Amino acid sequence: MWIKGADILDPAVKKRFIGDIHVVQDRIKGVYPLGDHSRDEKAWAEKVPGEEVIDAQGLLAMPGMIDMHVHFREPGFEYKEDILSGSMAAVAGGITAVACMANTSPVNDDPAITRFILDKADQAGLIRVFPVGAVTKGLEGKDLAEMGRMRQAGIVAVSDDGMPVQDAVMLRRALEYASTFGLMLISHAQDMGLSGKGVMNEGALSAALGLEGIPWAAEDVMVARDIMVAEYTGLSIHITHLSTRGSIELVRQAKARGVKVTCDVTPHHLLLTEAMVKGYNTNAKMYPPLRREDDRLALIEGFRQGIIDCIVTDHAPHSYDEKALDFDLAPFGVIGLQTLLPALIRLHLDHGIDLMRLVDSVSVTPAGILGIEGGSLCPGARADITLVDTKDKWVLKPENIRSKAHNSAFLNQTMTGSALYTIVAGQVVYKNEN
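The model shown is predicted, which means the values in this text are computed figures rather than measured ones. (Residues numbered from 1 in each chain as written. Predicted model: local features only at pLDDT ≥ 70, side-chain atom pairs only at ≥ 80, totals over all residues. Heavy atoms only, no water.)

1. A few points about the side chain of Ser195
Residue placement: Ser195 occurs in helix 6 (residues 192-195). At a separation of 3.0 Å, a polar atom in the side chain of Ser195 contacts the side chain of Gln190. Once residues lying within four places of it in the same chain are set aside, the contact partners of Ser195 are Gln190, Gly213, Ile214, Ala218 and Tyr287. (Helix = DSSP H or I, 4+ residues; strand = E, 2+ residues; numbered from the N terminus. Polar contact = N/O pair within 3.5 Å; in protein donor to acceptor, adjacent residues only side chain to side chain. Contact = heavy atoms within 4.5 Å.)

2. Some thoughts on unusual backbone geometry
In most cases, non-glycine residues show a negative phi, while peptide bonds are predominantly trans. For the bond from Glu74 to Pro75, the omega torsion is 10°, close enough to zero to count as cis. With respect to the helices and strands, the residue Pro75 is situated in the loop between strand 6 (65-70) and helix 2 (83-92). In this structure, Asn412 takes a positive phi of about 70° despite not being glycine. Mapped onto the fold, Asn412 is located in the loop between strand 16 (385-395) and strand 17 (414-424). On the accessibility criterion, Asn412 (47% relative accessible area) is partly exposed. (Buried < 20%, exposed > 50% of the residue type's maximum accessible area, 1.4 Å probe, protein only.)

3. As for the state of the cysteines
By definition, a disulfide links the sulfur atoms of two cysteine residues through a covalent bond. Under the defined criterion, the tally for this structure stands at zero disulfides. Unpaired in terms of disulfides, Cys100 finds its nearest cysteine sulfur in Cys310, a separation of 16 Å. Its relative accessible area of 0% is what places Cys310 among the buried residues. (Disulfide = S-S within 2.5 Å.)

4. Structural notes on the side chain of Lys323
Tracing the sequence through the fold places Lys323 in helix 12 (residues 320-323). No salt bridge is formed by the buried Lys323; the nearest opposite charge belongs to Glu322, separated by 8.6 Å. A distance of 2.8 Å separates a polar atom in the side chain of Lys323 from the backbone oxygen of Pro331. The residues contacting Lys323, other than those within four sequence positions of it, are Thr282, Asn283, Lys285, His318, Ala330, Pro331, Phe332, Gly333 and Asn407. (Lys, Arg positive; Asp, Glu negative; His and termini not counted. Salt bridge = Lys/Arg side-chain N within 4 Å of Asp/Glu carboxyl O.)

In structure tokens:
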């Protein structure tokens, strides 16, 4: 395959230029900047008859995106999403690899479940799916799961996301145990006692709506605890979906002290606020909840300064009937695979964040944190490539969502930017025909 005349952005080497990419089998064989005539003409002269040629003039070529926090629901909740439908939504959004959280049914706390997920991903044949194993058996916070055996089966990290580890001693033991197998522990930092039965951000708006709130302290207390345990043990921890300005400040201070902490944020927390809940919009109900405008701006500044390492979707599909319940009863969570790319472009256009930094946060950096290959367009790298029309405008409607679920916080909003080609291991797995 030849990709000709693309605007090539490679965060692995911090370079951007117009040029051609030559793919042979599942690898990038060569990258030729425009004007490098001797190399370009020689390589083009060696073109094999029948090789596919993609005219990518005017398109951005970037590494296939890696979303290190999704919920594909299989096994157990296939009516919400399965690995095939989740993979279809991913490729439509330009995502070529995902890390699936363990809160399935049964929970991914056993190597048999890990192998099941990998087998289903192989059958789907679209993207790389990396299972995340449970920290504790059944996500119950009592006994450590079989991390070593799951590592052998194929997990890349451990997390009790959805049912965060509340006991500090258990967290310490989990960090120590996970480190012996080279596994990153991904922490959902939330004090469940402080969160109580809250369903949105605690404040004036929750009071006005008559809804029980989740205070910012519920997150900040646990972020501080996680950082301190990691600092005491000298081990690495990754804190997922930060939502408060206090959390950002805690991570900033920890990094300055040399604590081995990384973190991520979602597009919805970067772009939306608690105001979305007005009208009891259950597609704005998520965990952690959407916060205030000052929190949102603090997250953006934290990302700009490099305090936040990655952007993840926390793709959490639910059926229409579940989200149609009263706000108090509806489940937490929103989908996000097809809106990740437009969110990056919106952050670039509206907030002036460097596109190189944004692409890095969904490619090179998550690959490094998870210890997987990806995020580069250099010769020899996996040919996982996304070709993007950065100016394409479209409206997110239920009929163009590839996921089984439609519970997006961005539903009916105008998006800018779309994936025209998604290439995985040198094969076009998605082509936008619109």
